[in-house]
Amino acid sequence: MFKKRSLRTKAKYDNKESERERRHKEIAYRAALEGIVLLENDGVLPVNPGKIALYGSGAEKTIKGGTGSGEVNERKSISILEGLKEAGFTISTLNWIKDFSRLFKEEEGKYAARARKKILKLDIINLMSDPFQYPEGREITDAEINASGTDTCIYVVARQSGEGADRKLDHTGYYLSELEKKNIKKCAEAYRKTIVVINVGSVFDLSFMEEILGINALIFFGQQGSQGGKAFADIISGRVTPSGKLVDTWPRDYEDVPFAPEFSYLNGNLENEYYKEGIYVGYRYFDTFNVEPKYEFGYGLSYTQFAISFLEAEVEKTSIRIKVKVKNTGDNFPGKEVVQLYASCPQKKLVGEYQQLAAFRKTKTLSPGETQELTLDFDMSDLAGYDAKRASFILEPGEYILRLGNSSRNTFPCAILILDRETIISRHRNICKLETDLEEIKPGKVDYQEDLAGVPEVAIKASDFETQATEYKEPPVYRDQKVDNLMQRLSIKEMVELVVGAGMGSTFFGKNFFTCPGAVGNTTSRLVEKGIINITLADGPAGLRLSRVSAVTKRGTVKMVEPMIEFMKFIPGIVKKFIFGNREKNNLVFQFTTAFPVEVALAQSWNTELLEEIGEAIGKEMAEYGVTYWLAPGLNIHRNPLCGRNFEYFSEDPFLSGKMGAAITRGVQSIEGTYATIKHFVANNQEDNRSKVSSNVNERALREIYLRGFEIAVKEGGVKGVMTSYNRVNGTYTANSHDLCTKVLRNEWGFDGVVMTDWFATGKGLASNGLCMKAGNDLIMPGGRYYKKEILADLKKGIVNEEDIRRCAANVLRSIVNSKLGREYGVE
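A few points on the structure.

Calculation notes
- Residues numbered from 1 in each chain as written.
- Predicted model: local features only at pLDDT ≥ 70, side-chain atom pairs only at ≥ 80, totals over all residues.
- Heavy atoms only, no water.
- 1 Å grid on protein atoms, 1.4 Å probe; cavity = no way out; pocket = protein on both sides within 12 Å on 5 of 7 lines; lining within 4 Å.
- Points joined across faces, edges and corners; volume = space filled by probe spheres on them.
- Nonpolar A, V, L, I, M, F, W, Y, C, P; charged D, E, K, R; others polar.
- Helix = DSSP H or I, 4+ residues; strand = E, 2+ residues; numbered from the N terminus.
- Contact = heavy atoms within 4.5 Å.
- Axes fitted to C-alpha atoms, helices over the stretch in contact; angles between N-to-C directions.
- Parallel < 35°, antiparallel > 145°, perpendicular 65-115°, else oblique.
- Left-handed = near helix turned anticlockwise from the far one by under 90°.
- Salt bridge = Lys/Arg side-chain N within 4 Å of Asp/Glu carboxyl O.
- Buried < 20%, exposed > 50% of the residue type's maximum accessible area, 1.4 Å probe, protein only.

One water molecule sets the probe size; rolling that probe over the atoms shows where empty space is left. Going through the model one piece at a time under the given rule, you end up with eight cavities of 30 Å³ or more. Considering only enclosed or pocket space, the largest cavity measures out at about 150 Å³ in volume. Taken together, 18 residues line the largest cavity, and the ones lying closest to its centre are Thr249, His638, Arg639, Pro641 and Glu652. Split into classes, the residues belonging to the lining of the largest cavity amount to eight nonpolar, six polar and four charged. Here the second largest cavity is characterised by a volume of approximately 90 Å³.

This is the structure in structure tokens:
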């Protein structure tokens, strides 16, 4: 069917910076600007460029993103130190920074020795779950403070985390070390202006802010990708006004998080995680149970001030539109504001949270005195709660109070929607039955204490809603002329080839029809003679993770020259000879992708238009290098601050997460033949023992909190890929869950793409390969001979039937035929 030749790749033989790289760096820069959150400022910010003191582990070694699959191999990243220098600042504490660099190199060398031993023992998973932690640096001396010649100090705290392990509740993860406290205290006493910067991927303990006097400003920098240092400098110098808002509630104390001591490894039980908080996650808990946070959901300061005015509420049957006016009331700085709309539902049979986010919009940049009118719209059915006894989403009769503001705790009532009687929004079947009783927390009476006199009321009729009903059935095998033509050529054994990936060997040694160096997975190339090529899958979500530099061997295979993932830096030399190419002896090919801010930082922009633009940029890079599936965005919920992968998920709030995920998905898939893959479906909210832990959660919380973001991405983003998670939900592996993969995804939501496993999620002691086919999980990744043998064995045993395999194969084949690669190579 296809002509044979040595290598098919879109990697470039030229390593010059392209115009596309420059354009996408500019997008990454704008994203970083909007994702940095100013938490405290007594007036010291902005700071005019000049001489400053700079300390801390993240000053020169600024962390751009977390470790694991979320890494990106960009051409260059700008550290905070470099960004400040480029912006005209003079750093007067370079000796401390040089000493830190020497210590960093020493500690990394020690870590490398330990890592090499683990690699030789094939203990890769534990290595990935133990990323290198930055040293604290040495004690700051009085002499260097005196010699710094400035009254302004910036101290950058950095922590790293990644997949495979949750953050530690100690000074390596969630807290400052004693030396860092001592150094910050010394700076706060010695410098007139002390700015602390948090270069961490998620919520971090801030109790030191109350213990140490003299800290003038606090910035949550997060992990801002390749252009973070440049954006930081432009924020603190006042060239750009900060506009980021928190997407998580920051507690005063870790213990304020519901059931905090029971999370993950803390209670010694890594087999079962009990979601006793139910729907009360993040601000839903803090607001309902009257727990005062350090910083509330949606919070963030600016250099200017804004006034938000309610104009009117328009209702067209079930569609609600809230019109507002935003004015920059400051005198000196232009800026952007985020308008947030919250809804409080009647508290009757379905006792629920105090309020939930219903809509949001971000303004354009407003000059002092300038105004902008915005419309925040939503459908009232989106406020429905789930009644598990009736397996239905319902709206209860009574008052729905809408609150307008710029954070969850800075709002005013703007309208009251009054529903005349109960209405059932949608009927379902119960899913994911709990194997054990789960006793959840329950609030007392939820009391809305505001004075509602004069707040406009709008009548809503239950008769205007249409009850949606789902037909639960096995989806038919996908058919069209091209797919049918190819399917007819395949035996059942060849269909099994199609539903199992080509294995990790295809990643490291490039034995594929088409090769994208560094792609984490490929579908099979064994069916090329049948007219079916392979397609490639690449990691995310902070960009596209590919090999930056690779070598083309004389045999036409491709090997990485530079590590494509952090832990590979530490591979022993004897192993490197087999999987690394020779830079001197082989031709080199290059792929430079863009490192965008991590997802939590992107969400802090509260800017869906920006995320759609980022998605489009990633889609263009996919098309440029031949990637079909981008394994992102991640849509798991920030249930607890210690989750090791919170950095690569959006928020504690499912609505915000879903809107962000849908936006970036639309952008990716605007490039024809490139697909986004939402992950990790579902309730993958911890990393320790992620392959075996059971997330035990009641159906209401599962549907309202953990599934909702995925639902929005499917329905509003039209996503074409879903990756199931490693964990079990109520005892059943997600990849083996017919309830999740078929009833919810395909029957209820209308998903019509490919469902795939996470890498190595199936096998002995894990999810069953055969049951994946039965459940509706179409593709086993990364694949290999063992997986195919198990499916064929399960076919003989009757665990799975030919129709199940045929259905999955047709779904995978459809994605190949419609992919950009498939179109280019004329698959038909």
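It is worth spelling out the environment of Leu366 at this point. As for its position among the elements, Leu366 is in the loop between β11 (356-362) and β12 (371-379). Sequence-wise, Leu366 and Asn328 are 38 residues apart; in three dimensions their C-alpha atoms are separated by 6.1 Å. Once residues within four sequence positions are removed from consideration, Leu366 is found in contact with Phe306, Val326, Asn328, Phe333, Pro334, Gly335, Thr371 and Gln372.

Our focus in this paragraph is the packing of helix α11 (residues 492-499) against helix α22 (residues 802-818). A pair of packed helices is captured by two measures, namely the crossing angle of their axes and the spacing between those axes. α22 packs onto α11 with a crossing angle of 55 degrees between their chain directions and a minimal axis gap of 9 Å. On the basis of their axis angle, the class for α11 and α22 is oblique. Here α11 and α22 pass one another in a crossing that is left-handed. In this structure, α11 contributes Ile492, Met495, Val496, Leu498 and Val499 to the contact, and α22 contributes Glu802, Ile805, Arg806, Cys808, Ala809, Val812, Leu813 and Ile816. When the residues that make up the contact of α11 with α22 are grouped by side-chain class, the tally is 11 nonpolar, no polar and two charged.

Tallied over the entire structure, the rule returns 72 salt bridges. Ionic pairing is found between Glu17 and Arg22, a salt bridge with its closest N-O pair at 3.6 Å. Of the residues examined, Arg22 reaches a relative accessible area of 38% and is grouped as partly exposed. Put simply, Glu621 and Arg20 hold a salt bridge, and the shortest N to O gap is 3.2 Å. Within this pair, whereas Glu621 is found in helix α15 (residues 608-625), its partner Arg20 is found in helix α1 (residues 19-35), the two being separated by 601 residues in sequence. Pair check on accessibility: Glu621 and Arg20 agree, each one buried.

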